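# Chains, contacts and geometry: an overview
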Amino acid sequence: MKGRVALVTGGGRGIGREAALLLAAAGARVMITARSATELAAVGLEYVAADLGTAEGCALAVADTERRLGPIDVLVVNHGIGSAHERLVWEQDPATWRETMRINLDAPFELARLTVGGMCKRGFGRLVFTSSTAGEKAERSGSAYSASKHGVIGLARAVAQDAGPFGVTSNAVLPGWVRTAMAERSAQAEAKRRDVSVEQVWRERAALYPQNRVLEPIEVAQVIAFLCSEAAGGVNGEAITVALGGLW
C-alpha cells in the first residue's frame, strides 16, 4: 500500500475510522471524509468535510483528495444512513426512501463514477463498499435500508465487471451487528418501541451469533484493509460477510 492514495468515506468514526488508520499504517496516503469536521479532525489524518448525500459533495471529496494527495488508487465507501427511523413499508414516508437511496446508493455510484476511470487508465485500483447482512436478508421495518444495501452489492459487482479487465477490483463487505453510533441509534429506537432496555436489545443482537457477541469495528476494518491490498488482486466482485458465523 506504500504510496497509494486512498479515499475513505465515513472516516470520522466506527468502521471507516479503523479502516483509514489501517490503510495509513500500511503506507497509504489517506483522505477521510464525512459531514462532521470535528470528528474527522480527531482522527489525525488528512480530511475533507463534505455532504456525500449530494453529487456536489461527492465531487468535492474526490477533487480535494486528488488536489492534495494525487490520483485516487483506493476507494472505501463506508458512509451511510441506518434504518432506526423507518416504518413498515405501508407506513413508510417516501421522503425516507429517497433520503436513504441518496446517501446509501446514489453516493456510492457517484464516487465510483468519479474515480474508477482513472484507476483503469493507471492499471490499478481497489474499491470496497460497506453493505450489510441486510444486503442479502431483508429486515422488518427497513425497506429503504435493505433495498439500498442490496443495491450496493449489485453496484460493487457491476463495477467489478466493468473495471476488472484493467487491474481494478471491486468488492462489498457485509457486516453483521457492530456497536457503532449508527447501530446504537437503532438499538435505542428499538428499545423505546418495545419498552425494554437498550442493553437488552444488544444482548439479543449478540445472541444471534455463535460467539454471543457483536462485532468490533476493527474486525470489519481488517477485512476492508485486506481487500484494498495488493494481496487481494484475485478477489473481485465478491460480497464478503463479516458476521461471526451468524445466520443473519
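Use the structure listed above.
So, here is what we can say about the structure in this document. (Residues numbered from 1 in each chain as written. Predicted model: local features only at pLDDT ≥ 70, side-chain atom pairs only at ≥ 80, totals over all residues. Heavy atoms only, no water.)

### Quick notes on the packing of aromatic side chains
The criterion, for reference: Aromatic pairing here means that ring centres of Phe, Tyr or Trp (its six-membered ring) are within 6.5 Å. Orientation follows from the plane angle: under 30 degrees is stacked, over 60 is edge-to-face, and everything else is tilted. Sitting over a ring, as applied to charges here, requires NZ of Lys or CZ of Arg to be within 6 Å of the ring centre and within 35 degrees of the ring normal.
In total, this model carries one aromatic pair according to the counting rule given. The ring of Phe-124 carries Arg-4 above its face, with NZ or CZ at 3.7 Å from the centroid. One Lys or Arg, Arg-205, reaches over the ring of Trp-177 and ends 3.5 Å from the middle of that ring.

### Focus: helix α6 (residues 181–194)
Structurally, the α-helix is built with 3.6 residues per turn, so residues lying three or four positions apart point the same way. Quick note on the threshold: Secondary structure elements are defined from DSSP: runs of H or I of at least 4 residues count as helices, runs of E of at least 2 residues count as strands, and each element is numbered from the N terminus. A helix's residues, less one, multiplied by 1.5 Å, set its expected span. Remark: exposure states derive from per-residue accessible area (1.4 Å probe, protein chains only) relative to the maximum for the residue type, with buried under 20%, exposed over 50%, and partly exposed in between. Think of the arc as the fan of directions from the helix axis to the C-beta atoms. Residue contacts are defined here by distance: any two heavy atoms, one from each residue, within 4.5 Å place the two residues in contact.
Compared with the 20 Å implied by 1.5 Å per residue over 14 residues, the 20 Å span of α6 between its first and last C-alpha is a close match. Where α6 is concerned, the buried positions are Ala-183, Glu-184, Ser-186, Ala-187, Glu-190 and Ala-191. One face of α6 carries all of its buried residues, which in axial projection span an arc of 160°. Exposed positions of α6 whose direction lies more than 90 degrees from the buried face are Lys-192 and Arg-193. Of the surrounding secondary structure, the elements contacted by the buried residues of α6 are α7 (198–206). Where α6 terminates, the next one or two residues include Asp-195, which has phi positive at roughly 60°.

### Considerations on empty space enclosed by the protein
Vacant regions in the atomic arrangement are exposed by a probe of water-molecule size rolled over the atoms. Quick note on the threshold: Each cavity reported here is a set of points on a 1 Å grid over the protein atoms alone in which a 1.4 Å probe fits but cannot get out, each pocket an open set with protein on both sides within 12 Å along at least five of seven lines, and each lining residue one with an atom within 4 Å of a point. Grid points are joined across faces, edges and corners, and a volume is the space filled by probe spheres set on the points. Residue classes follow a fixed rule: Ala, Val, Leu, Ile, Met, Phe, Trp, Tyr, Cys and Pro count as nonpolar, while Asp, Glu, Lys and Arg count as charged, and any other residue, Gly among them, counts as polar.
Taken as a whole and judged by the stated rule, the model has one cavity of 30 Å³ or more. Quantified by volume, the largest cavity comes out at close to 40 Å³. Lining the largest cavity are Val-77, His-79, Ile-103, Asn-104, Pro-108, Thr-130, Lys-149 and Val-152. Put simply, the parts of the chain that give the lining of the largest cavity at least two residues each are α4 (94–122) and α5 (143–163). When residues of the lining of the largest cavity are assigned to their parent elements, the largest contribution, three residues, is made by α4. Across the lining of the largest cavity, the residue classes tally to four nonpolar, three polar and one charged.

### Focus on the sheet that holds strand β7 (residues 239–242)
Cut-off, in case you're wondering: A strand pair is defined by DSSP finding two or more bridges across the two strands. To obtain an axis, a line is fitted to C-alpha atoms, over the contacting stretch when the element is a helix, and the angle between two such axes runs from 0 to 180 degrees between their N-to-C directions.
Here we have seven strands laid out as an open sheet, ordered β3-β2-β1-β4-β5-β6-β7, and parallel in their pairing. Of all strands in the sheet, those with a lone pairing partner are β3 (46–49) and β7, marking the two edges. Strand-to-strand twist in this sheet, taken as the mean axis angle between neighbours without regard to direction, amounts to 20°. In the sheet, strand β2 (residues 29–34) pairs with β3 via four bridges, with the strands oriented parallel. By the bridge assignment, Thr-33 is partnered in β3 with Val-48. The strands touched by helix α8 (residues 217–228) are β4 (74–77), β5 (125–130), β6 (168–175) and β7; relative to β6, the strand with the most contacts, the crossing angle is about 170°.

### Things to note about the environment of Leu-155
Looking at where Leu-155 falls in the secondary structure, it is placed in helix α5. For the pair Leu-155 and Pro-108, spaced 47 residues apart in sequence, the C-alpha to C-alpha distance is 8.1 Å. Leaving out residues up to four positions away in the same chain, Leu-155 has contacts with Pro-108, Phe-109 and Phe-129.

Purely geometric stuff here, so don't read any function into it on its own.
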